[in-house]
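# Close look at the chain arrangement
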Amino acid sequence: MKRLQFKIAFIALLALGISVTSCSDDILEENPRSVFTPEFFKTQAGVEGGITALYTHLRFLYGAWNYYNSTETGTDEYTWAQSADGNFRDMDLSGVGSIISTSAPPAGPWASCYGAINTASGIIQNAEAVGIAESLIAEARFFRGFDYFLLVQTYGGVPLDLGSGDLEFNQSTFRGSVRNTVPEVYTRAIFPDLLRAVADLPEQPRLTGTVTKNTARLYLAKAYLTYAWWLQNPNNIPTYPETPRTDPDGRDAAYYFQQAYNVATTAIDNPGPYSLLEYFYDVHWAPNDRHAEMMLYADHTEESEIYNGASLGFGISGAQDNASVWMATWNYTAIRSSNGVATVQREAAQSYGRPWTRMAPPVEVFKNTFADKANDSRYDGTFVTSYRNNRDKLSPPDLTEHPNANNIPVGPGGAVLSFLDQDDPAVDYSGNKAAIGAGSLPGRSDFVINPGGVSRVVYPGLWKLGTYRTDNNGGLGSPNAGLTRPFPIAKFSEFYFIAAEAAVKGAATQAGKTARDLINVIRARAGKWRFDNGEQEVRMEDNSATLVANTPATITIDYILQERSREYFGEGYRWYDLVRTQKWAEVAATYSIAGTAYGDHTPQTFTRTIEPYHYLRPIPQFQLDAMDVSDAEKAAYQNPGY
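Residues numbered from 1 in each chain as written. Predicted model: local features only at pLDDT ≥ 70, side-chain atom pairs only at ≥ 80, totals over all residues. Heavy atoms only, no water.

## Considering the overall build of the protein chain
The helix and strand inventory of the protein chain stands at 20 helices and 23 strands. In terms of overall dimensions, the protein chain is globule-like: its C-alpha atoms have a radius of gyration of 25 Å, near the 26 Å expected for 642 residues. With respect to the principal axes defined by its C-alpha atoms, the protein chain has extents near 75 × 55 × 50 Å. Of all 642 residues assigned to the protein chain, the portion counted as buried reaches 63%. Sequence-distant contacts, at least 24 apart, represent 73% of the contacts inside the protein chain between residues at least 6 apart. A total of about 21800 Å² of accessible surface is found on the protein chain, and carbon and sulfur atoms cover 49% of it. Taking the average location of the 53 positive side-chain charges in the protein chain and that of its 71 negative ones, the two points are 2 Å from each other. (Helix = DSSP H or I, 4+ residues; strand = E, 2+ residues; numbered from the N terminus. Rg over C-alpha atoms; globule rule 2.2 N^0.38 Å. Buried < 20%, exposed > 50% of the residue type's maximum accessible area, 1.4 Å probe, protein only. Contact = heavy atoms within 4.5 Å. Areas by Shrake-Rupley, 256 points an atom, 1.4 Å probe, with all protein chains shown as cover. Lys, Arg positive; Asp, Glu negative; His and termini not counted. Charge placed at Lys NZ, Arg CZ, Asp CG, Glu CD.)

## A few points about the pairing of strand S14 (residues 415-419)
Looking along a regular strand, one sees the side chains alternate between the two faces of the sheet. Counting buried residues along S14, five of its five residues qualify, which places the element largely inside the surrounding structure. Pairing between strand S11 (residues 386-388) and S14: three bridges, direction antiparallel. Across the sheet, residue Arg388 finds its bridge partner in S14, namely Ala415. (Pairing = 2+ DSSP bridges.)

## Here we look at helix H8 (residues 253-269)
Note: α-helices contain 3.6 residues per turn, so residues at a spacing of three or four share the same orientation. Counted at 1.5 Å a residue, the expected span for H8 with its 17 residues is 24 Å, and the 24 Å between its end C-alpha atoms agrees. Within H8 the residues assigned to the buried category are Ala253, Tyr256, Phe257, Ala260, Tyr261, Val263, Ala264, Thr265, Ala267 and Ile268. (Expected span 1.5 Å × (residues − 1).)

## Some words on the pattern of salt bridges
Evaluated as defined, the whole model comprises 39 salt bridges. Between Arg206 and Glu139 there is a salt bridge, and its shortest N-O distance comes to 2.7 Å. Note that Arg206 is positioned in the loop between helix H6 (182-200) and helix H7 (213-232) and Glu139 in helix H5 (residues 134-155), a separation of 67 residues in sequence. The buried category is assigned to Glu139, whose relative accessible area is 2%. One salt bridge connects Arg469 with Asp471, and the closest N-O pair in it is separated by 3.0 Å. (Salt bridge = Lys/Arg side-chain N within 4 Å of Asp/Glu carboxyl O.)

## Re the environment of Asn288
Take Asn288: it is sitting in the loop between helix H9 (280-284) and strand S8 (294-298). Judged by its relative accessible area of 24%, Asn288 falls in the partly exposed class. Once residues lying within four places of it in the same chain are set aside, the contact partners of Asn288 are Leu277 and Asp282.

## Structural notes on the side chain of Arg564
Mapped onto the elements, Arg564 comes out in helix H16 (residues 557-568). In this view, Arg564 contacts Lys222, Glu494, Phe497, Glu501, Phe569, Tyr573, Arg574, Asp577 and Arg580; residues no more than four positions away in its chain are not counted.

## Focus on the nonpolar core
Ranked by internal contacts, the top residues of the largest apolar core, which has 167 residues, are Phe142 and Tyr148. Among residues more than four places away in sequence, those in contact with Phe142 are Leu194, Ala197, Leu201, Val211, Thr215, Ala216, Tyr219 and Leu296. (Core = buried A, V, L, I, M, F, W, Y, C linked by side-chain atoms within 4.5 Å.)

## Describing the pairing of S8
In terms of burial, S8 is a largely internal element, five of the five residues being buried. With four bridges joining them, S8 and strand S19 (residues 487-491) adopt antiparallel strand pairing. Across the sheet, Ala298 pairs through a bridge with Phe487, a residue of S19.

## Re the packing of helix H13 (residues 494-504) against H16
Two quantities define a packed helix pair, namely the angle between the helix axes and the distance between the axes. Orientation of H13 relative to H16, taken along the N-to-C sense of each, is 170 degrees, at an axis distance of 10 Å. As summarised for this structure, H13 and H16 are arranged roughly antiparallel, according to the angle between their axes. Residues Glu494, Phe497, Ala500, Glu501 and Val504 of H13 form the contact with H16, whose participating residues are Ile557, Ile560, Glu563, Arg564, Glu567 and Tyr568. (Axes fitted to C-alpha atoms, helices over the stretch in contact; angles between N-to-C directions. Parallel < 35°, antiparallel > 145°, perpendicular 65-115°, else oblique.)

## Topic: H5
Between its first and last C-alpha atoms H5 spans 31 Å; for 22 residues at 1.5 Å apiece the expected length is 32 Å, and the two agree. Where burial is concerned, most of H5 is hidden: 20 out of the 22 residues are buried. Within two residues after H5, Gly156 carries a phi angle of roughly 90 degrees, on the positive side.

## Some words on the side chain of Thr79
Here Thr79 lies in strand S7 (residues 79-80). Overall, Thr79 belongs to the buried group, its relative accessible area being 0%. For Thr79, the side chain forms a polar contact with the side chain of Arg456, separated by 3.0 Å. There is a polar contact of 2.9 Å between the side chain of Thr79 and the side chain of Tyr591. Here Thr79 is in contact with Thr73, Asp92, Arg358, Met359, Ala360, Pro362, Arg456, Tyr591, Ile593 and Arg608, once residues within four sequence places are set aside. (Polar contact = N/O pair within 3.5 Å; in protein donor to acceptor, adjacent residues only side chain to side chain.)

## A short note on the packing of aromatic side chains
Taken as a whole, this structure holds 51 aromatic pairs when the rule is applied. Ring geometry for Tyr281 and Trp285: centres 6.3 Å apart, planes at 25 degrees, overall stacked. With relative accessibility at 31%, the residue Trp285 sits in the partly exposed group. Following the ring pairs from residue to residue traces out a cluster consisting of Tyr55, Tyr62, Tyr67, Tyr68, Phe142, Phe143, Phe146, Tyr219 and Phe487. (Phe/Tyr/Trp six-rings, centres within 6.5 Å; stacked < 30°, edge-to-face > 60°.)

## Digging into the packing of helix H1 (residues 44-56) against H5
Interaxial distance between H1 and H5 falls to 10 Å at its minimum, and their mutual angle equals 35 degrees. The two elements H1 and H5 meet at a crossing, and its hand is left-handed. Within the contact between the two elements, H1 uses Glu48, Ile51, Leu54 and Tyr55 and H5 uses Leu136, Glu139, Ala140 and Phe143. Residue classes in the contact of H1 with H5 are distributed as six nonpolar, no polar and two charged. (Left-handed = near helix turned anticlockwise from the far one by under 90°. Nonpolar A, V, L, I, M, F, W, Y, C, P; charged D, E, K, R; others polar.)

## Quick notes on the environment of Arg516
Looking at where Arg516 falls in the secondary structure, it is placed in helix H14 (residues 515-526). In contact with Arg516, not counting residues within four places along its chain, are Val548, Ala549, Thr551, Pro552, Ala553 and Ile555. Here the side chain of Arg516 touches Pro552 through a polar contact of 2.9 Å, landing on its backbone oxygen.

## Brief notes about unusual backbone geometry
For the bond running from Tyr240 to Pro241, omega is -5 degrees, close enough to zero to count as cis. Within the secondary structure, Pro241 sits in the loop between H7 and H8. The amide bond that connects Ser395 to the next residue, Pro396, takes the cis arrangement and shows omega of 0 degrees. Tracing the chain through its elements places Pro396 in the loop between S11 and strand S12 (402-403). Backbone geometry places Leu167, a non-glycine residue, at a positive phi of 60 degrees. Mapped onto the elements of the fold, Leu167 is located in the loop between H5 and H6. The backbone of Asn233 shows a phi angle near 45 degrees, a positive value even though the residue is not glycine. Looking at where Asn233 falls in the secondary structure, it is placed in the loop between H7 and H8. By relative accessible area, Asn233 is classed as buried at 12%.

Encoded structure:
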């Protein structure tokens, strides 16, 4: 039997070697294989194994630090933090680095997607011959469309021919490549695959976490929306390979905005197993993972290292580790009470985890994006704003009340450091309070920091993606292990945003589904509280009417982008949102934040140099190095500017 190492046209890259052995409790189980062969795909086990591999490949992107960095750093949501290396400084474009073809973060989709695309093509070509149901083949079609959509958003036009023909399972060792244009990728690959997936996928998931008709609708609607923006090109952003901004079928941007609206509202009216949760807090409350709003995620488990794909004891922030949130976690273990005791220990809990201090949110996040912290629950359901005495989790437990701010004792569970909702001029930053240069307020036992005083070294952590384990046994657990939570990729809530954005761009709307109607569904949910994360106490409060009343009468793209950031902050959406709408340079050109020294609470303003060519990422250098073509052809293959 011929053993074949799949090529991404010219790069030797193994398809993800995972095959299905059995199903237990409706969860995909994985049996690692070293390589897929063409003959293997001609068996039922091979096809089913390839399907499982497509789900597994999500973990090499979603939860991976490098890809996460490329989607957030350099936007209005994150900049580089005190411990950032060049990978993070490069992505910020603020004068401390630059994005080049050897930069690791933007290379993630190219390195991961083509193996999955080839696997999907192998399944599509061979599944019917071995009697596989159309609904299962449709899962492969979904992922091929999904991966090509990610590639075209990231790099522009990309190859449809991996060596054996357009959208064919590659069995050649050809080491050249030809990039297709953006319209060709959309109209020949993305739209046909996702339309077929919508038609053939079931309403209900085959297994827990598998894709459905509405999962395909979400990406079809989003692809229509993104392509419509590309055709319209309001800010004259260049594309590559160069091609006229025309559709091969003669349709204009208005047609595709309407299609995006129609598909999204069809999904809202026919939700299947999905729904909006009643409270935003529950969308990211770790014990509630894999809920009805979550449509696609890169899954993990603490049941088995094999099935998890990464160590359960000590993560390396590589391969299949879910380690993204570490990057946005500052070193809270540096906090000291007044007697010098480290009252906040590293813990495998949602507010804590492993601190890497690579990414920090600018001041504008707290002043502008999340200005309404009293009514809107999304700030509280996004960030860690109180760091608490957890020495009772030590072995043996320390139940001592340690003196804290104003020498007031704080026992287990009490707030040691809090980030205030609003700037208070009475905060006293004198002295090295809490050993991290925090401040104090009269009568308060917790040290405090104003939202206008966040820095590259001390800032609120990202609660929504935080660590969660069920095996801590009352202790600190394994905070240095990669997360075993699923990393969220797609949610039912995004249908409302897609339809609203399409409506703002001119799509004809249905009664009760104007842009404002749709956005207010999301805002009304945001006004409902059941728990105050910062205060760590029950808070049954409904501010929906206030939030709905405060929604502007006229919804703009700028307002939708603000709402998207409040809803999806830190989840890897932001760079793609700003690139799609061509607002990146406008929204993220400047930001303010204090420096890298403890006690620095004076923000400085930084300017990013975001050029039109930055709206596409560079083709990775490893791709160019693997091509057996002339230097001139390699130069022509690269996106301009890199």
